[in-house]
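# Structure at a glance
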Amino acid sequence: MVNRIKALEVISQKLEPLGSQRSHWNSTVQNYADNFLDDFNQHTTYVVSETMGKEIYDFPIEEKAKPIEEVLKCLKDNVDTPNLNPASGGHFGYIPGGGVFTTALGDYLAAVTNRYAGIFFACPGGVRMENMLLRWMCNMVGYPSSALGNLTSGGSIANLSAITTARDAMGIKSKDIDRCVIYMTGQLHHCVQKSLRIAGMRESIVRYIPMDEHYKMIPNKLSLQIAEDKANGLLPFIVFGSAGTTDTGAIDPLESIGIIAKENDLWFHVDAAYGGFFMLSDTYKPVFKGVELSDSIAIDPHKGLFLSYGIGAILIKNTKALYQTHHYTANYMQDAFTLDEDPSPADLSPELTKHFRGLRMWISLQLLGVAPFRAALEEKILLCQYFYKEVQKLGFEVGPEPDLSIAIFRYVPKIGNANTFNQRIVAQIMQDGRIFLSSTTLDGVYWIRFAVLSFRTHLEQVDLALRLLKKLV
Ligand SMILES: *Cc1c(COP(=O)(O)O)cnc(C)c1O
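Residues numbered from 1 in each chain as written. Predicted model: local features only at pLDDT ≥ 70, side-chain atom pairs only at ≥ 80, totals over all residues. Heavy atoms only, no water.

## What about the nonpolar core?
Grouped together as the largest cluster of nonpolar side chains are 81 residues, with contacts concentrated most on Met137, Leu222, Val239 and Leu315. Counting 27 residues, the second-largest nonpolar core is a separate cluster that includes Ala407, Leu437, Leu468 and Leu469. (Core = buried A, V, L, I, M, F, W, Y, C linked by side-chain atoms within 4.5 Å. Buried < 20%, exposed > 50% of the residue type's maximum accessible area, 1.4 Å probe, protein only.)

Shown next as structure tokens:
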């Protein structure tokens, strides 16, 4: 047996590469990353590809190790080239972000050290770091110092955590589900619907509150609907507000909604996944007035803080409610609960073992400081306002004046179908590839969306977009 153990040890030791091997891999990966970043001007934002990464199947997982050069070539050809390049400053589709380089440094160190920041006992410093980031965001939105939350993988999971917490905090049992009423507008992000289903609330009643011409909830209609539902013996439960909708970047009248929620004992959740970090700017913070009246907020550092994909956050006023929904004990965890000076993420989230995702955010804020983030956010708003003005000079029709950094626009041709015409513009922009635009449909009308949120988007990219649009129409 000992001989067999020793023989296996010789093979398994390959999992711990020697120093020389490590430096070769490190420098090759670093070189790849540097080339990616240095080449940005030649990068296209969208690459129309024949194979769409299919050749990755010709590069099988095998017993035998492969050289890093071959592995990275496969990555480059199949993964990092075809279709959308969300790291590009020409990315104006969906919700961009970019992915600041310091995220990679944080992830690299988190992976090398593999600290376990899920439980205070294991890594008190890491838990304090994550809680410090959450308190920093809670402070930004105007929550009290007792508020906390959890760093999630993204906005969808943040919204899910808020919904399950609200369900439990409001004492909703399965027998109540079909009498529960949920209030939102048709512009709320679809991940909330998904979360409601996951949270077992598929059979609850959803009321779509009418919106004004800026696609914002009309508070008076909300009040009337709640009153009617109460009179009919239903259980008004939660109201959702958006602090930056995905379609148009609209911010609902949060203060009025917050007051109505309080008067009627409803949970008030704000989806600020896209717009939340604009609150860093004193100039734009006032448009979020009333956000502090909410019970919970979803916010995405991988959008408004430009971090690479994989970090969202749920912020919650009543930390205990988050705890009551998510904590659990188990015999095999008995050593872990003795020392907690600061709440453990494992007690505030469905996750137990988790990525130490706080480090990427902490190291980014520490190495760069907050000032450039704030400046970039203000720059994005102004770039969007600039685009909104300039695109009209080219003869395009525009949607509502943007609250944040998303504008919608379309060209109405003298003859022919406007929807088809604008679809063709988007298709041709994709063929060109230097920039990327996505679209939406509002009340049956096809609109092109212009979403500015990559830290790499500056005046140059916006002017390029305008030149291309001019040429196309
Ligand atoms: C992006 C987004 C979400 C979903 O967040 P993910 O991080 O993509 O899971 C939810 N709501 C809004 C408003 C968003 O923009």
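## Some words on the sheet that holds strand β4 (residues 180-184)
With mixed pairing, seven strands are arranged side by side in an open sheet as β3-β9-β8-β7-β6-β4-β5. Whereas interior strands pair on both sides, the edge strands pair on one side only; in this sheet they are β3 (148-152) and β5 (205-208). Each strand of the sheet is rotated relative to its neighbour by a mean of 20°, with strand direction disregarded. Relative to strand β7 (residues 267-272), helix α9 (residues 254-263) is tilted by about 155°, and along the sheet it contacts β6 (235-242) and β7. (Pairing = 2+ DSSP bridges. Helix = DSSP H or I, 4+ residues; strand = E, 2+ residues; numbered from the N terminus. Axes fitted to C-alpha atoms, helices over the stretch in contact; angles between N-to-C directions. Contact = heavy atoms within 4.5 Å.)

## Here we look at the site of the ligand
Inspection of the region around the ligand gives 15 residues, with Gly155, Ser156, Asp271, Asp300 and Lys303 positioned closest. Side-chain polar atom of Asp300 to an oxygen atom of the ligand: 2.6 Å apart, as the coordinates give it. Protein contacts shield 85% of the accessible area of the ligand, which totals 380 Å² for the unbound molecule. Broken down by secondary-structure element, the contributors of at least two residues to the shell around the ligand are α6 (155-169) and α10 (301-304). Take the shell around the ligand: its biggest share by element is three residues, from α6. By residue class, the composition of the shell around the ligand is four nonpolar, eight polar and three charged. (Near = heavy atom within 4 Å. Polar contact = N/O pair within 3.5 Å; in protein donor to acceptor, adjacent residues only side chain to side chain. Areas by Shrake-Rupley, 256 points an atom, 1.4 Å probe, with all protein chains shown as cover. Nonpolar A, V, L, I, M, F, W, Y, C, P; charged D, E, K, R; others polar.)

Function cannot be read off these values alone, since they describe shape.
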